[in-house]
Amino acid sequence: MEGDKYYEELGVAVRVVHLACSLCQRVQEGLVSMSSDQVKSKDDDSPVTVADWGVQATVSWILSEIFGGQNVSIVAEEDVQTLSKVDSAGLLETVVNTVNECLAEAPNYGLPRPDNVLGTSQILETISRCNSTGGPTGRHWILDPVDGTLGFVRKDQYAIALALMEDGELILGVLGCPNYPMKKEWLNYHHEYYQSMSQMSPPASDSWEKGCVMYARKGTGEAWMQPLVHQQKKLEWPNSARLICVSSIDDPALATFCESVQKANSNHSFTAGVAHSAGLRKQPLRVYSMVKYAAIARGDAEIFMKFARSGYKEKIWDHAAGVVIIEEAGGVVTDAGGRPLDFSKGVYLEGLDRGIIACSGATLHEKIIGAVYASWDSSNL
Ligand SMILES: [Mg+2]
């Protein structure tokens, strides 16, 4: 409610994620294929696009403008290394144009816009300003500008994730899911099917609407979902938001579990063993990005498990927003030892016990944790 602590922060976060979703949709529509001038590889070989830098610049500019200039602490995924390379000049120009086009529409989202077009050096500075490492004191925004870039490039699921942490505790979580339909039934249809259908006959009701923003404030026991606005329309917030909650299924045989698409990110054979031992019977739902968290928060799935290979360290921006939303929607998220995730130790989830387990409720959660202990000794992660 208006006047509540963090009401302004929540409003800005929801609005800026909506704005970021529109930027991503525009970039994705123009993305013909994984061509080298549109998709770059980072040092770890993960892909990065105009949208990753564009969203980071946009969110950084807006948060700095509203919450106190250079002093705003933002922990975010991207840096400007790849973008500043000589062979990236064309890419950089596209980023600059995309950000300026996006910010020009910010007033439609109830957000400020710059008085003048931002130049290249300003955009680079705005992106590289998000180099905070977080920590246990003070206020930090945590941003993954595009989570699941591979899903984005493949025109599949991806998310924009923004969270706020204060003195080591998560306060707010906002997840933009531009290809995740408001209603579960539409998940069965491919994105391009949706596009061709909506061109033939424009959406008549919000059952057709593709894409949503979910958000929650810690401690309220409420999580919300709002459809994306069509371009040129004004965002009304919080008017068109509605409450979401986790599924009530607690029988493992009826539960759906989500896991990462990419094998490099998660050990599929170990999760299959845990799933079997916990009595899960359905095929896993492999989903790119934090849309997995969104699926659980909204009751479309019951379980998410991720056991990274040894040596891989989870980053806070890949989980923070999703954790707040699932918890407020009624679910449970812990490490595999049953302990809460600690976002206050810097960029990584330090001290994480084996993996991450998110469930719609305590009954399933206990069963999964039990199955992890039973399976662990026989595994060689
Ligand atoms: Mg990312």
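Residues numbered from 1 in each chain as written. Predicted model: local features only at pLDDT ≥ 70, side-chain atom pairs only at ≥ 80, totals over all residues. Heavy atoms only, no water.

Draft legend 1. Geometry of the overall build of the protein chain. The secondary structure content of the protein chain amounts to 10 helices and 14 strands. Across the 381 residues of the protein chain, 58% fall into the buried class. Total accessible area on the protein chain is roughly 16,000 Å²; 48% of this is exposed by carbon and sulfur atoms. (Helix = DSSP H or I, 4+ residues; strand = E, 2+ residues; numbered from the N terminus. Buried < 20%, exposed > 50% of the residue type's maximum accessible area, 1.4 Å probe, protein only. Areas by Shrake-Rupley, 256 points an atom, 1.4 Å probe, with all protein chains shown as cover.)

Draft legend 2. Seen up close, the packing of aromatic side chains. Under the defined criterion, the tally for this structure stands at seven aromatic pairs. For the ring pair Phe-152 and Tyr-158, a centre distance of 4.8 Å and an interplane angle of 80° mean the geometry is edge-to-face. Each member of the pair, Phe-152 as well as Tyr-158, carries the same accessibility label: buried. The ring centre of Tyr-180 lies 4.1 Å from the NZ or CZ of Arg-298, which sits over that ring. When the ring centre of Tyr-373 is taken as origin, the NZ or CZ atom of Arg-354, which lies over that ring, is 4.4 Å away. (Phe/Tyr/Trp six-rings, centres within 6.5 Å; stacked < 30°, edge-to-face > 60°. Lys NZ or Arg CZ within 6 Å of the ring centre and 35° of its normal.)

Draft legend 3. Fine view of the packing of helix α3 (residues 89-104) against helix α4 (residues 120-128). Interhelical geometry of α3 versus α4 gives an angle of 85° and a closest axis separation of 10 Å. The angle between the axes of α3 and α4 places the two elements in the roughly perpendicular class. Judged by residue contacts, Leu-92, Val-95, Val-96 and Val-99 of α3 engage Thr-120, Ile-123, Leu-124 and Ile-127 from α4. When the residues that make up the contact of α3 with α4 are grouped by side-chain class, the tally is seven nonpolar, one polar and no charged. (Axes fitted to C-alpha atoms, helices over the stretch in contact; angles between N-to-C directions. Parallel < 35°, antiparallel > 145°, perpendicular 65-115°, else oblique. Contact = heavy atoms within 4.5 Å. Nonpolar A, V, L, I, M, F, W, Y, C, P; charged D, E, K, R; others polar.)

Draft legend 4. Here's a closer look at the side chain of Ser-289. Relative to the helices and strands, Ser-289 resides in the loop between β11 (285-286) and α8 (291-297). The exposure class assigned to Ser-289 is buried, which follows from its relative accessible area of 11%. What Ser-289 contacts, discounting residues up to four positions off in sequence, is Asp-147, Gly-148, Gln-157, Tyr-158 and Ala-159.

Draft legend 5. Region of the structure containing the sheet that holds strand β8 (residues 223-227). With mixed pairing, seven strands are arranged side by side in an open sheet as β3-β4-β5-β6-β7-β8-β9. With one partner strand each, in any of the chains shown, β3 (74-76) and β9 (242-244) form the two edges of the open sheet. Here the strands of the sheet are splayed against their neighbours by 20° on average, with no regard to which way each runs. Examined bridge by bridge, strand β4 (residues 139-147) and strand β5 (residues 159-166) share seven bridges and lie antiparallel to one another. Residue Asp-147 lies in a different strand from β5, and its bridge partner there is Ala-159. Strand contacts of helix α1 (residues 7-29): β4, β5, β6 (169-177), β7 (212-217) and β8, with the helix running at about 30° to β6, the strand carrying the most contacts. Across the sheet, helix α9 (residues 320-328) is in contact with β4, β5, β6, β7, β8 and β9; its angle to β6 comes to roughly 100°. (Pairing = 2+ DSSP bridges.)

Draft legend 6. Just the UniProt feature "binding site: Mg(2+)" (unreviewed entry) in the protein chain, in detail. UniProt's feature table lists "binding site: Mg(2+)" (unreviewed entry) at Glu-77, Asp-144, Asp-147 and Asp-318, given in the numbering used throughout. Their sequence span is 242 residues, while the largest C-alpha to C-alpha distance among them is just 9.3 Å; these annotated residues converge on one region. Mapped onto the elements, Asp-144 comes out in strand β4. Other than its neighbours up to four places away in sequence, Asp-144 contacts Glu-77, Ala-159, Ile-160, Ala-161, Trp-317 and Asp-318. Position of Asp-318 relative to the elements: it lies in the loop between β12 (303-306) and α9. Residue Asp-318 is classed as buried on the basis of its relative accessible area, which comes to 14%. Contact partners of Asp-318, with chain neighbours within four places excluded, come to Asp-144, Asp-147, Met-290, Tyr-293 and Tyr-312. (UniProt positions renumbered as here; feature names shortened; annotations may be inferred.)

Draft legend 7. Geometry of the confidence of the model for the protein chain. With 90% of its residues at a pLDDT of 70 or more, the protein chain has an overall mean of 89. Below pLDDT 50 for its whole length, residues 189-194 participates in eight contacts with residues either more than four positions away or in separate chains. Within the model, the stretch residues 202-208 combines pLDDT values under 50 with 10 contacts to residues more than four positions away or in other chains. (pLDDT = per-residue confidence, 0-100.)

Draft legend 8. Spatial organisation of the pairing of β7. Within β7, six of the six residues are buried, which leaves it mostly tucked inside the rest of the structure. Of the two faces of β7, the one holding Cys-212, Met-214 and Ala-216 and the one holding Val-213, Tyr-215 and Arg-217 are both buried throughout. The pairing of β6 with β7 spans six bridges and is antiparallel. Looking across to β7, one finds that Leu-175 is bridged to Met-214.

Draft legend 9. Focus on the packing of α1 against helix α2 (residues 50-67). Between α1 and α2, the shortest axis-to-axis distance is 10 Å and the interhelical angle comes to 155°. Classified by the angle between their axes, α1 and α2 sit roughly antiparallel to one another. By crossing handedness, the relation of α1 to α2 is classed as right-handed. Residues Glu-8, Glu-9, Val-12, Val-16, Leu-19, Ala-20, Leu-23, Cys-24 and Val-27 of α1 lie in contact with α2, whose contacting residues are Val-50, Ala-51, Gly-54, Val-55, Thr-58, Val-59, Ile-62, Leu-63, Ile-66 and Phe-67. Of the residues in the contact of α1 with α2, the class split is 15 nonpolar, two polar and two charged. (Left-handed = near helix turned anticlockwise from the far one by under 90°.)

Draft legend 10. Just the nonpolar core, in detail. The biggest cluster of nonpolar side chains holds 63 residues, and the ones touching the most others in it are Ile-62, Trp-141, Phe-152 and Leu-162. The element that contributes the greatest number of residues to this core is α1, accounting for 12 residues. Those residues in contact with Ile-62 that lie beyond four places of it in its chain are Val-12, Val-16, Leu-19, Leu-103, Ala-106, Leu-111 and Pro-112. With 44 residues, the next largest nonpolar core counts Tyr-180, Ile-244, Ile-325 and Val-333 among its residues. (Core = buried A, V, L, I, M, F, W, Y, C linked by side-chain atoms within 4.5 Å.)

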